[in-house]
Amino acid sequence: AQSVTQPDIHITVSEGASLELRCNYSYGATPYLFWYVQSPGQGLQLLLKYFSGDTLVQGIKGFEAEFKRSQSSFNLRKPSVHWSDAAEYFCAVVAQDKVIFGPGTSLSVIP
Amino acid sequence: KAGVTQTPRYLIKTRGQQVTLSCSPISGHRSVSWYQQTPGQGLQFLFEYFSETQRNKGNFPGRFSGRQFSNSRSEMNVSTLELGDSALYLCASGLPPDRGQTGELFFGEGSRLTVL
C-alpha cells in the first residue's frame with residue numbers, strides 16, 4: 001500500500017541555521033510529490049511540488065526539495081531558517097487517484 | 001481568484017447534536033476533499049467528491065457524510081456528535097490527478113469544531 005513517512009515528529013532549530021525535513025514514500029511508480037506548510041490555526045499552503053524532470057525543485061519562502069528515486073525520498077531544505085518558518089510541515093504523494101499525507105513534522109525556531 | 005472558503009470558522013456543539021460544514025472551492029475546481037485534523041491523529045482523509053459523486057472515502061463511521069452540489073460547493077455533516085469529533089475540519093479543492101492533472105490541493109482555513 002502507498003504510504004508517506006516523516007521520521008521526525010518535532011524539530012527545533014536556531015534562527016539562521018539550516019534545515020532539512022525528511023520524507024520517504026512507498027509507491028511503485030514515480031509519484032507526484034508535494035510539501036505543504038501549515039501555520040497555527042490555518043489551512044495548508046503548498047510550498048513546492050515535483051512532477052518530473054529536474055530532481056531539485058525550488059519553492060516559495062526560500063525552500064527547496066530534492067527527489068531521490070533510489071532512496072524513495074523527497075527531503076525539504078532551507079539554508080537559513082527564519083522565526084516565521086515555525087509551523088507544521090506535511091509531505092504528500094499522489095498515488096493513482098489519491099493524495100496521501102505524511103504525519104507531519106512540527107518545526108520550532110529558537111531566536 | 002478567490003481561494004477556498006469554509007464556513008463557519010468556529011462552532012461549539014454538544015454531544016448528540018449534529019453539525020453541517022460548508023466549503024466553496026476555487027472557481028473551476030470540481031474536486032473537493034475533506035480532512036479531519038486532530039493533535040493525536042494528525043491529518044485524516046474523510047472523503048472526496050468530484051462532479052457531485054463521492055470518489056474516495058476514508059475510514060470514518062457513517063455518522064460522517066458529505067455531498068457536493070452542481071456548482072461544486074460541498075457540505076459535510078456529522079450526526080450524533082461525540083467528544084472525539086472535536087477537530088479542525090479542512091476542505092481542499094483541486095484538479096484530480098487521474099484526469100491529467102497533478103493532484104495539487106488548495107486548502108481553506110478550516111472549521112474548528114468543539115464538542116462539549
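Procedures and definitions
Residues numbered from 1 in each chain as written. Chains lettered and ligands numbered in written order. Predicted model: local features only at pLDDT ≥ 70, side-chain atom pairs only at ≥ 80, totals over all residues. Heavy atoms only, no water. Helix = DSSP H or I, 4+ residues; strand = E, 2+ residues; numbered from the N terminus. Rg over C-alpha atoms; globule rule 2.2 N^0.38 Å. Buried < 20%, exposed > 50% of the residue type's maximum accessible area, 1.4 Å probe, protein only. Contact = heavy atoms within 4.5 Å. Areas by Shrake-Rupley, 256 points an atom, 1.4 Å probe, with all protein chains shown as cover. Lys, Arg positive; Asp, Glu negative; His and termini not counted. Charge placed at Lys NZ, Arg CZ, Asp CG, Glu CD. Buried area = accessible area lost by both parts, 1.4 Å probe. Salt bridge = Lys/Arg side-chain N within 4 Å of Asp/Glu carboxyl O. Disulfide = S-S within 2.5 Å. Phe/Tyr/Trp six-rings, centres within 6.5 Å; stacked < 30°, edge-to-face > 60°.

Turning our eyes to something else, we now look at the overall build of chain A. Helices and strands together make up the secondary structure of chain A, namely zero helices and twelve strands. Going residue by residue from the N terminus, the α and β elements of chain A occur as β-β-β-β-β-β-β-β-β-β-β-β. At 13 Å, chain A has a C-alpha radius of gyration in line with the 13 Å of a compact globule built from 111 residues. Each principal axis of the C-alpha distribution contributes one length, and for chain A these read about 40 × 30 × 20 Å. Within the span of chain A, comprising 111 residues, buried residues form 45% of the whole. In chain A, once contacts between residues fewer than 6 apart in sequence are set aside, the share between residues at least 24 apart is 53%. Of the roughly 5200 Å² of accessible surface on chain A, a fraction of 50% belongs to carbon and sulfur atoms. Across chain A, the 8 positively charged side chains and the 9 negatively charged ones have centroids separated by 5 Å.

This paragraph deals with the interface of chain A and chain B. Note: interface size is frequently given as the accessible area lost on complex formation between the parts. Each partner contributes to the interface: chain A provides 18 residues, whereas chain B provides 19 residues. When chain A packs against chain B, close to 1500 Å² is buried across both sides, 56% of that on carbon and sulfur atoms. The largest contributions to the chain A side of the interface with chain B come from Leu44, Asp97 and Phe101 of chain A, which together make up 30% of the buried area. In this structure, the connection of chain A to chain B is made through one salt bridge.

So, about unusual backbone geometry. All names here are of chain B. The omega torsion across Thr7 and Pro8 is -10°, close enough to zero to call that bond cis. Residues other than glycine seldom take positive phi values, yet Glu52 does so here, at roughly 70°. Looking at the secondary structure, you find Glu52 in the loop between strand E5 (42–50) and strand E6 (53–57). The phi angle at Thr80 is positive, at roughly 45°, despite the residue not being glycine. Mapping Thr80 onto the fold places it in the loop between strand E8 (74–78) and strand E9 (87–94).

Under the defined criterion, the tally for this structure stands at eleven salt bridges over all chains. Linking Glu75 of chain B and Arg73 of chain B is a salt bridge whose minimum nitrogen-to-oxygen distance equals 3.3 Å. With relative accessibility at 25%, the residue Arg73 of chain B sits in the partly exposed group. Taken together, the shared-partner salt bridges in this structure form one network comprising Glu64, Glu66 and Arg77 of chain A.

A complete count under the given rule lists two disulfides over all chains for this structure. Through a disulfide, Cys23 of chain A is tied to Cys91 of chain A; the S-S separation comes to 1.9 Å. One quick way to see it: the torsion about the S-S bond of Cys23 of chain A and Cys91 of chain A is about -65°, and its sign makes the bridge left-handed. Of this pair, Cys23 of chain A sits in the loop between strand E3 (19–21) and strand E4 (24–26) while Cys91 of chain A sits in strand E10 (residues 87–95), and the two are 68 residues apart along the sequence. As far as the burial class goes, Cys23 of chain A and Cys91 of chain A line up, both buried. In this model, Cys23 of chain B is linked to Cys91 of chain B through a disulfide, with the two sulfur atoms separated by 1.8 Å.

Moving on, we come to the environment of Phe69 of chain B. Residues and elements named next belong to chain B. Along the chain, the position of Phe69 falls in the loop between strand E7 (64–68) and E8. You can call Phe69 partly exposed: its relative accessible area is 23%. Distance from Phe69 to Tyr49, taken between C-alpha atoms, is 9.6 Å for residues 20 residues apart in sequence.

In this structure the tally under the stated criterion is 15 aromatic pairs over all chains. For the pair Tyr32 of chain A and Phe51 of chain A, a centre-to-centre distance of 5.0 Å together with 65° between the ring planes defines the contact as edge-to-face. Here Phe51 of chain A lies in the loop between strand E6 (44–50) and strand E7 (56–58) and Tyr32 of chain A lies in strand E5 (residues 32–38), a separation of 19 residues in the sequence. For Tyr32 of chain A, a relative accessible area of 29% corresponds to the partly exposed category. Between Tyr35 of chain B and Phe107 of chain B, the ring centres sit 5.8 Å apart and the planes meet at 45°, which makes this aromatic pair tilted. Linking Tyr35 of chain B in strand E4 (residues 31–38) with Phe107 of chain B in strand E10 (residues 105–107), this pair joins segments that are 72 residues apart in sequence. The exposure class of Tyr35 of chain B is buried, given its relative accessible area of 2%. Among the residues examined, Phe107 of chain B registers a relative accessible area of 11% and is labelled buried. An aromatic cluster is defined as three or more aromatic residues linked by ring pairs; in this entry it consists of Tyr32, Phe34, Tyr36, Phe51 and Phe101 of chain A together with Tyr35, Phe45 and Phe107 of chain B.

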